[in-house]
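What the coordinates show
Chain by chain, the residues run as shown.
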Amino acid sequence: MEKNLKDFKAILESRIKGASRIFIVPHLNIDLDAIGSASGMAEICSCFKKETFIIVDDAPSNMNVGVRNIFDASAERYQMISSVELEKYRQEDDILITVDVSKKDLIPSKVEVSLSSFSKILVLDHHKSDEHSIESADSHIDIETSSTCEMITRLMKLFGISIDKWLAKALLAGIFLDTNKLKKNTDEKTLEIAARLIRRGATIQDVNDLFVEDFENDRKVQHLIDGAEFVPYHIHNVAVIYNHEHPDTLYTQAELAEAADYLLPYKVDAAYAIGVIGPDQIGISARTTGGMKIVDVMHVFGGGGNEHSAAAKILETSDVFLIREQLLKLLRQEDFYFVKSTALVEEVENQQRAENSTSDAVVITPVEGILVKEKKFLAG
Ligand SMILES: [Mn+2]
């Protein structure tokens, strides 16, 4: 692996030296690994006194707090352009380096259409390549490595380029993102690289600070989750989430998805979050751990998805209660559920019997005439 990276280092050096200008492209929907590795690559190129540009099309307002922090600082240190500006900076013998991405549809389309105009293209990535990947003899794709930031840190070591405190933080942030803070895809080498960056001045606290959630957004989603009702249908449990207090609250489909995701670990076959997503538009986001055919349910509402996550957009209504009722009716149909093992059915039925004789938390909703337990789980 190290030998491969050494080979790549030699190629990179000769390509940089032969280039007029260098353009670095991280993937769209930029994340901490992409912006960190783009910054590190820009640092390497600037050590060769080459004019270097990082191409980012994402609107800063759409970035999360941590990405925005690194992006803003990176834009102060390096030349950041959008793909629309690319043409005016182009010269002959320019090279393009993609970082944390190899697939054509994950880079700005304006860059994709001009791929053939670059004298050389280099790809540095840790994602599996496929038929949609950019073809280049100068690629280094290593899916064994935790992150592109880990690769960049190794490259900088091979080049003997010093890493300052800010860059150390940016690179460690990328490693943290892709390893879920060193909890996955982490081996001895990753830890060594992390330690190296910490010695260069990155602190765990500084990096953790980049992972803060947006408080307002978090409160909004939590408030939506407060409206969850847990509906037991025979042996199945489903969570339906909606804002009964303020049914007109505007949500994004991502917020609905976040709310549905949140409920999944609580022994439900599926969770559905319903909310207004636009004028006369209601969104439903559905999640399942595998017990329910949520795609089939979302099909009824004109939506779709895959076996674990699905969604629908319903037009010409903003009546959350109406959609909830329609959904509850569908959820009573047995054929939307996967069959459970007899042992599990027995266990659930026993628990139901035990609970029904003691519980006073069961209420009958007048609208539906079905059993609804507010914020209480059937099988605990
Ligand atoms: Mn990555």
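Here the structure is a predicted model, which means the values were calculated and not measured.

A few words on the overall build of the chain. Helix and strand counts for the chain stand at 14 helices and 14 strands. With respect to the three principal axes, the spread of C-alpha positions in the chain is 80 × 45 × 35 Å. Partitioning the intrachain contacts of the chain with sequence separation of at least 6 by distance along the chain shows that 70% fall at a separation of at least 24. About 18100 Å² of surface is accessible on the chain, with carbon and sulfur atoms providing 50% of the total. Of the side-chain charges in the chain, 42 are positive and 61 negative, and the distance between the mean point of each set is 6 Å.

With that settled, consider helix 2 (residues 32–47). Here helix 2 contains 16 residues, and its C-alpha end-to-end distance of 23 Å stays within 8% of the 22 Å for a straight helix at 1.5 Å per residue. Most of helix 2 is tucked away, with 14 of its 16 residues classed as buried. By the N-cap criterion, in which a side-chain oxygen at the helix start approaches the backbone nitrogen of a residue two or three places on, helix 2 is capped by aspartate 31, the distance to aspartate 33 being 3.1 Å. Among the residues trailing helix 2, lysine 49 stands out with phi positive, at a value near 55°.

Attention shifts here to the coordination of the manganese ion. Bound to the manganese ion on the protein side are Asp33 (OD), Asp100 (OD), His126 (NE2) and Asp178 (OD), at distances that span 2.1 to 2.3 Å. Expressed as a motif, the donor residue spacing for the manganese ion is D-x66-D-x25-H-x51-D. You can see aspartate 100 sitting in the loop between strand 4 (95–99) and helix 5 (109–113) and its partner aspartate 178 sitting in helix 7 (residues 165–178), a full 78 residues away along the chain.

Attention shifts here to the sheet that holds strand 6 (residues 138–141). Pairing is parallel across the open sheet formed by six strands, whose spatial order is 3-2-1-4-5-6. Here the strands that pair on one side only, and so sit at the sheet edges, are strand 3 (79–81) and strand 6. The sheet shows a mean angle of 20° between the axes of neighbouring strands, taken without regard to direction. Where strand 1 (residues 21–26) meets strand 2 (residues 51–55), four bridges bridge the pair, whose relative direction is parallel. Across the sheet, phenylalanine 23 pairs through a bridge with phenylalanine 53, a residue of strand 2. Its contacts with the sheet put helix 2 on strand 1, strand 2, strand 3, strand 4 and strand 5 (120–125), and the angle it makes with strand 1 is roughly 165°.

Moving on: the domain arrangement of the chain. The domains assigned to the chain are domain 1 (2–209) and domain 2 (220–374). Each of domain 1 and domain 2 has a C-alpha centre, and these two points are 41 Å apart.

Now for the pairing of strand 5. Within strand 5, five of the six residues are buried, which leaves it mostly tucked inside the rest of the structure. In this structure, strand 4 lies alongside strand 5, joined through five bridges in parallel fashion. Counted as the bridge partner of threonine 98 is valine 123 from strand 5. Inspection of the sheet shows strand 5 paired to strand 6 by four bridges, in the parallel sense. Residue pairing for strand 6: leucine 122 is matched across the bridge by aspartate 138.

Attention now moves to the environment of leucine 250. By secondary structure assignment, the location of leucine 250 is in the loop between strand 8 (236–241) and helix 11 (253–263). Discounting chain neighbours no more than four positions away, the residues touching leucine 250 are Lys220, Glu255, Val276, Ile277 and Gly278.

Turning to helix 10 (residues 215–226), a few remarks are in order. Its twelve residues place the ends of helix 10 16 Å apart at the C-alpha level, agreeing with the 16 Å of an ideal helix rising 1.5 Å per residue. What helix 10 keeps buried is the set Val221, Gln222, Leu224 and Ile225. Angular distribution of buried residues about the axis of helix 10 spans 155°; they occupy a single face of the element. Counted as exposed and oriented over 90 degrees from the buried face of helix 10: Phe215 and Glu216.

Moving on, we come to a negative patch on the surface. Together, Glu144, Asp187, Glu188 and Glu192 make up a region of like negative charge exposed at the surface. Judged by relative accessible area, glutamate 188 falls into the exposed class, the value being 61%.

Right, let's get into the pattern of salt bridges. Within this structure, the stated rule accounts for 15 salt bridges. Linking lysine 220 and glutamate 255 is a salt bridge whose minimum nitrogen-to-oxygen distance equals 2.9 Å. Placement of the pair is lysine 220 in helix 10 and glutamate 255 in helix 11, with a sequence separation of 35 residues. Residue classification places glutamate 255 among the buried residues on the basis of a relative accessible area of 9%. In this structure, glutamate 229 and arginine 324 form a salt bridge, with 2.7 Å as the shortest nitrogen-oxygen distance.

Reading the values: the criteria
- Sequence order sets the numbering: in each chain, residues are counted from 1 along the sequence as written.
- With the structure being a predicted model, the display of local features is reserved for residues of pLDDT at least 70 and the display and counting of side-chain atom pairs for 80 or more, all residues being used for whole-chain, interface and lining totals.
- Values reported for side chains reflect all heavy atoms of the structure, with hydrogen atoms and water molecules removed beforehand.
- Here a strand is any run of E in DSSP of at least two residues, a helix any run of H or I of at least four, and the numbering for each starts at the N terminus.
- In this analysis, two residues are considered to be in contact whenever any of their non-hydrogen atoms come within 4.5 Å of each other.
- The method behind every accessible area is Shrake-Rupley, applied with a 1.4 Å probe, and residues are considered shielded solely by the protein chains displayed.
- Charge convention: Lys and Arg are scored as positive, Asp and Glu as negative, and His as well as the terminal groups of each chain are ignored.
- Taken as the charge centre is NZ of Lys, CZ of Arg, CG of Asp or CD of Glu, depending on the residue.
- An expected span of 1.5 Å times one less than the residue number is assigned to each helix.
- Relative accessibility under 20% of the residue-type maximum defines a buried residue, over 50% an exposed one, and the middle range a partly exposed one, all with a 1.4 Å probe and only protein chains included.
- Any pair of N or O atoms that falls within 3.5 Å is considered a polar contact. Within protein, one atom must be able to donate a hydrogen and the other to accept it, and sequence-neighbouring residues count only if both atoms are side-chain atoms.
- Each metal's donors are the N, O and S atoms found within 2.8 Å of it, except that Na, K and Ca use a 3.2 Å limit; water is left out, so coordination can look incomplete.
- Note on pairing: DSSP must find at least two bridges between two strands before they are called paired.
- Axis lines are fitted through C-alpha atoms, for helices just across the contact stretch, and the angle between N-to-C directions can take any value from 0 to 180 degrees.
- For every domain, the bounds stem from an assignment made automatically or drawn from a database.
- This arc is built from the directions going out from the helix axis to the C-beta atoms.
- Exposure above 30% relative accessible area and no salt bridge define the residues that can form patches, which grow by joining like charges within 9 Å and nonpolar side chains of Val, Leu, Ile, Met, Phe, Trp and Tyr within 5 Å.
- Salt bridges are identified by distance alone: a Lys or Arg side-chain nitrogen within 4 Å of an Asp or Glu carboxyl oxygen.

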